[in-house]
Amino acid sequence: MTDTTFSLAQILPAMPEIYLTAAVCALLLFDVFFGLKAPGRTASFTLFLLLGGALVTLVTADVQVAHLLFSGMYIADNLATLLKLAAFLFVAVALYYSGDYLNRRRIHKGEYYVLSLTALLGILVLASAGNLITVYIGVELLSLSLYALVAFDRDNGVAAEAAMKYFVLGAIASGTLLYGMSLVYGMTGSLSLDILSSALSGEPSLGLLLGLTFIVVAIGFKFGAVPFHMWVPDVYQGAPTPVTMLVATAPKLASFALAFRLLAEGMAGQVAAWSQMLSVLAVVSIVLGNIVAIAQTNLRRMLAYSAISNVGFILLGFVSGTADGYQAALYFTLVYVLTTLGSFGVILLAARDGFEADEIEQYKGLSKRDPLLALVMAALMFSTAGVPPFVGFWAKLRVLESLIHGGHLWLAGIAVLMSVIGAFYYLRLVWMMYFEAPGDLPGKLTRAPIRLMVVVNAFAALALGLMPDALLDVCRSVIPL
Amino acid sequence: MLVQFLFYAFSAVLIASALGVITLRNPVHSALCLVVSFFTSAALWLLIEAEFLAIVLVLVYVGAVMVLFLFVVMMLDINVEEVRKGFTRHAWLGWLTVCAIVFEIMGVVFARGLGIDATQAAKPLPADYSNTGAIGQVMYTQYVYPFELAAVLLLVAIVAAITLTMRKRKGLKVQDIGAQVATRAEDRLRVLKMKAEDRK
């Protein structure tokens, strides 16, 4: 039963995690010796480490068929590789955007990068979790790092409040997850997702349903789906903007991995049970997220509700319970993270000393003051709203297609209706930037490299939209039918 | 028979003390109740022949974690009445939710049974079986991956705690040992040459 010898070939597929753990330790030491006087060095070193991580992931990702490592604790498959690669790149871009802002706010410290990397490690662990224990530890690694990051700006009362809310609600979610897992373990006698998926088929016992419900609730919490969304707006608004960006982007990949590994793989036999629960969560998320977002005056809060409604779309991908649907959900998640990253990059670039640039009013007439930034923001908003030819349109279309193929016509109908309503608040921002008179706000900031990155980000949203099948084919290849 | 009796007795104490943790008004009493519930859970583990885990639970949780916890509770001068102000205002909502959940779960459990018989009862092990050895066997083999990750989790906790609490305030009186060692005699003592003044 236990394979007690470890050879290099055996642990090679786990190299991204091993590399990143070593990188975290190296970064801690680097920061002490070289980073205390000049945090910029730590930032550069982190970016170097992240790119190295992406490279390591690529090199060691020679996975022909999915296989298990560490007595089934670890799954090495193409989906995990894709998620890890995306996580490395997205976190690298996010950290690249945030350094300048942190400098200007004088909260540029090495721990920011250390905690970002440990959060990333949590994402990697979740991406290839093959056992309920690994899933739980991955969730905790990610969450603990994020709680600390939200409270990172210690002298900011609002951030501390947001961190407290996030921590308490997150702790409840972890407890719920653990309780659900213990019930499932009690019913089946196994923690391994591989064994669970073969053991659980046919009519579920009620104890199992109870455990499953708790697990779905915990997934809802981690995604920020209604009615477990209370922490999302407060964290988005309260945390320092770079941290909001970190919370809003790569962890969504982790939530996708959590839902996929636990539900689509581990509970594959119980699709009927959990897809019903998910469809309820998805519909209320889409409805509430889109309607409440209209009433927001704060851009970060608006993006928070937009996140809630987009999470609804990701969950809709899971509802049909087919590989088709999972592919659509993965596609949507990647696209959503890409565009959100760009939107927050624009907010960071628009911010000045003592001015957060997070009120929607402040974007009036941006096209006059800073045409490039306005163009980028408009493109990203169009993409998130789902306007062709941007990639956001194709992502929504694929999810809707999977719903229609699965016979969930009314779900698709609600999703379309709500997307139309939701387009209003994205387009309102574009209207403000282009057709309102500019207020008296400071001019543009010349941060050429970061501006270039934001442009690349927006261009990616357009280019992927012009070639919609490029990314989709990748998603198709990693989740086999 | 005796084992069954002990199981129910310990379970009753466990449930009562767990209720005490969340209902008692004085935080010190709550913490002590938590100690009792840890003790009784350890006793339950002894009943299922998990001696090592039971002893570790007592040593680690009762001996270290809870004592630390009691220290913190006693040192933080929290005005309990202040904290609880406004707490009962929304209590009805909490009770309503709890009742609804309990009612639903009970309904489910009584209607069809949990289906817990799906898992087999553990077979009793021979007297010379060492579960300490068994845990040691799997810790670094089968469970090495989560075990190492748990260590990283502790590292994250350390980094996070230090980030959030360590600060350099102005006027903080701390020793700077490096500076102390590096001082030279000239920094402390200045020898002046001056002419003797005439007595007037």
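Residues numbered from 1 in each chain as written. Chains lettered and ligands numbered in written order. Predicted model: local features only at pLDDT ≥ 70, side-chain atom pairs only at ≥ 80, totals over all residues.

Novice: When you look at the overall build of chain A in this model, what are you seeing that I'm missing?
Specialist: Across its full length, chain A carries 21 helices and 2 strands. For 481 residues, the compact-globule estimate of 2.2 N^0.38 gives 23 Å, and chain A sits close to it at 21 Å. Judged by the C-alpha coordinates and their principal axes, chain A covers about 70 × 60 × 40 Å. The 481 residues of chain A split such that 58% are buried. For chain A, restricting intrachain contacts to residue pairs at least 6 apart in sequence, the fraction spanning at least 24 positions comes to 80%. (Helix = DSSP H or I, 4+ residues; strand = E, 2+ residues; numbered from the N terminus. Rg over C-alpha atoms; globule rule 2.2 N^0.38 Å. Buried ≥ 20, exposed ≤ 12 C-beta atoms within 10 Å, placed from the backbone. Contact = placed C-beta atoms within 7 Å.)

Novice: Honestly, the overall build of chain B in this entry has me stumped. Any pointers?
Specialist: Check the secondary structure of chain B and you find 9 helices and 0 strands. The order of helices and strands in chain B, counted from the N terminus, is α-α-α-α-α-α-α-α-α. In chain B, which comprises 200 residues, the share counted as buried stands at 9%. Once local pairs closer than 6 in sequence are excluded, the contacts in chain B between residues at least 24 apart make up 56%.

Novice: What am I meant to see in the interface of chain A and chain B here?
Specialist: Reports of interface size often rely on the accessible area that becomes lost once the parts have come together. Counting residues at the interface gives 32 residues for chain A, matched by 25 residues for chain B. Where the side of chain A that touches chain B is concerned, the elements lending two or more residues are helix H5 (110–127), helix H6 (132–150), helix H7 (157–188) and helix H9 (206–223) of chain A. Tallying contributions element by element places H6 of chain A first for the side of chain A that touches chain B, with 8 residues. Taken together, the residues of the side of chain A that touches chain B break down into 18 nonpolar, 11 polar and 3 charged. (Nonpolar A, V, L, I, M, F, W, Y, C, P; charged D, E, K, R; others polar.)

Novice: Explain the environment of aspartate 155 of chain A to me, please; I cannot follow it from the model alone.
Specialist: Along the chain, aspartate 155 of chain A falls in the loop between H6 and H7. Put simply, aspartate 155 of chain A and arginine 41 of chain A are 114 residues apart on the chain and 24 Å apart in space, counted from C-alpha to C-alpha.

Novice: I tried to follow helix H1 (residues 2–23) of chain B on my own but got confused; where do I start?
Specialist: Think of an α-helix as turning once every 3.6 residues; residues three or four places apart then point the same way. Given a rise of 1.5 Å per residue, 22 residues ought to cover 32 Å, and the 31 Å separating the end C-alpha atoms of H1 of chain B matches this to within 8%. Within H1 of chain B, only 1 of the 22 residues are buried, which leaves it mostly out in the open. (Expected span 1.5 Å × (residues − 1).)

Novice: Teacher, can you tell me more about the nonpolar core here?
Specialist: Nonpolar side chains in soluble globular proteins tend to be buried together. By size, the foremost hydrophobic cluster in this structure holds 191 residues, and its most contacted members are Ala87, Ile123, Leu126 and Val150 of chain A. Here the element with the most residues in this core is helix H15 (residues 323–350) of chain A; it accounts for 18 residues. Non-local contacts of alanine 87 of chain A, meaning those with residues more than four positions away in its chain, are made with Leu120, Ile123, Leu124, Ala250 and Leu253 of chain A. Core analysis: the next-biggest nonpolar cluster, separate from the first, contains 6 residues, Phe38, Ala42, Ala54 and Leu57 of chain B among them. (Core = buried A, V, L, I, M, F, W, Y, C linked by C-beta atoms within 7 Å.)

Novice: I would appreciate a short explanation of the domain arrangement of chain B in the present structure.
Specialist: Entries for chain B in the domain assignment read domain 1 (1–83) and domain 2 (128–164). Inter-centroid distance (C-alpha atoms) of domain 1 of chain B to domain 2 of chain B is 23 Å. (Domains from an automatic or database assignment.)

Novice: Before we go on, may I ask you to explain the packing of helix H4 (residues 78–105) of chain A against helix H11 (residues 241–248) of chain A in this structure?
Specialist: Relative orientation and spacing of two packed helices are given, respectively, by the angle between their axes and the distance between those axes. Residue and element names in this part refer to chain A. One can describe the packing of H4 onto H11 by two numbers: an axis separation of 9 Å at closest approach and a directional angle of 165 degrees. When the interaxial angle is binned, H4 and H11 end up roughly antiparallel. The two elements H4 and H11 meet at a crossing, and its hand is left-handed. Residues Ala94, Tyr97, Ser98, Tyr101 and Leu102 of H4 lie in contact with H11, whose contacting residues are Thr241, Pro242, Met245 and Leu246. (Axes fitted to C-alpha atoms, helices over the stretch in contact; angles between N-to-C directions. Parallel < 35°, antiparallel > 145°, perpendicular 65-115°, else oblique. Left-handed = near helix turned anticlockwise from the far one by under 90°.)

Novice: Which parts of the structure should I look at to understand the confidence of the model for chain B?
Specialist: Low pLDDT marks regions whose predicted coordinates should not be analysed in detail. For chain B, mean pLDDT is 82; residues scoring 70 or higher make up 86% of the total. Across the predicted assembly, pTM comes out at 0.88 and ipTM at 0.90. (pLDDT = per-residue confidence, 0-100.)

Novice: Would you mind showing me how to read unusual backbone geometry here?
Specialist: Negative phi characterises most residues that are not glycine, and trans characterises most peptide bonds. Residue and element names in this part refer to chain A. Residue proline 227 follows valine 226 across a cis peptide bond; omega there is 0 degrees. Structurally, proline 227 can be placed in the loop between H9 and helix H10 (231–238). In this structure, the amide linkage connecting proline 388 to the following residue, proline 389, adopts the cis form with an omega of 10 degrees. Looking at where proline 389 falls in the secondary structure, it is placed in the loop between helix H17 (371–385) and helix H18 (391–405). Unlike most non-glycine residues, serine 71 shows phi in positive territory, near 50 degrees. Its place among the elements puts serine 71 in the loop between strand E1 (67–69) and strand E2 (74–76). Non-glycine residue arginine 106 carries a positive phi angle of around 55 degrees.

Novice: Teacher, can you tell me more about the environment of alanine 12 of chain B here?
Specialist: Residue and element names in this part refer to chain B. For alanine 12, the position within the fold is in helix H1. Of the residues examined, alanine 12 has 11 C-beta atoms within 10 Å and is grouped as exposed. Between the alpha carbons of alanine 12 and threonine 40 there is a distance of 9.3 Å; along the sequence they are 28 residues apart.

Novice: Where do I start with the environment of phenylalanine 33 of chain A in this structure?
Specialist: Residues and elements named next belong to chain A. Inspection of the secondary structure puts phenylalanine 33 in helix H2 (residues 15–35). The exposure class assigned to phenylalanine 33 is exposed, which follows from the 8 C-beta atoms found within 10 Å. Sequence-wise, phenylalanine 33 and glutamate 359 are 326 residues apart; in three dimensions their C-alpha atoms are separated by 40 Å.

Novice: I tried to follow the packing of H15 of chain A against H17 of chain A on my own but got confused; where do I start?
Specialist: Residues and elements named next belong to chain A. At a minimum axis distance of 9 Å, the contact between H15 and H17 shows a crossing angle of 150 degrees. Taken as axis vectors, H15 and H17 run roughly antiparallel relative to one another. Pair H15 / H17 crosses with left-handed handedness. In this structure, H15 contributes Thr339, Gly342, Ser343, Val346, Leu349 and Ala350 to the contact, and H17 contributes Leu373, Val376, Met377, Leu380, Ser383 and Thr384.

Novice: Explanation requested: H18 of chain A in the structure shown.
Specialist: Residue and element names in this part refer to chain A. Here H18 spans 21 Å end to end across 15 residues, near enough to the 21 Å set by a 1.5 Å rise per residue. If you check which residues of H18 are buried, you get Val391, Gly392, Trp394, Ala395, Lys396, Arg398, Val399, Leu400, Ser402 and Leu403. Close packing links the buried residues of H18 with helix H14 (299–319), H15, H17, helix H19 (409–435), helix H20 (448–466) and helix H21 (468–478). Residue glycine 407 follows H18 closely and has a positive phi angle near 85 degrees.

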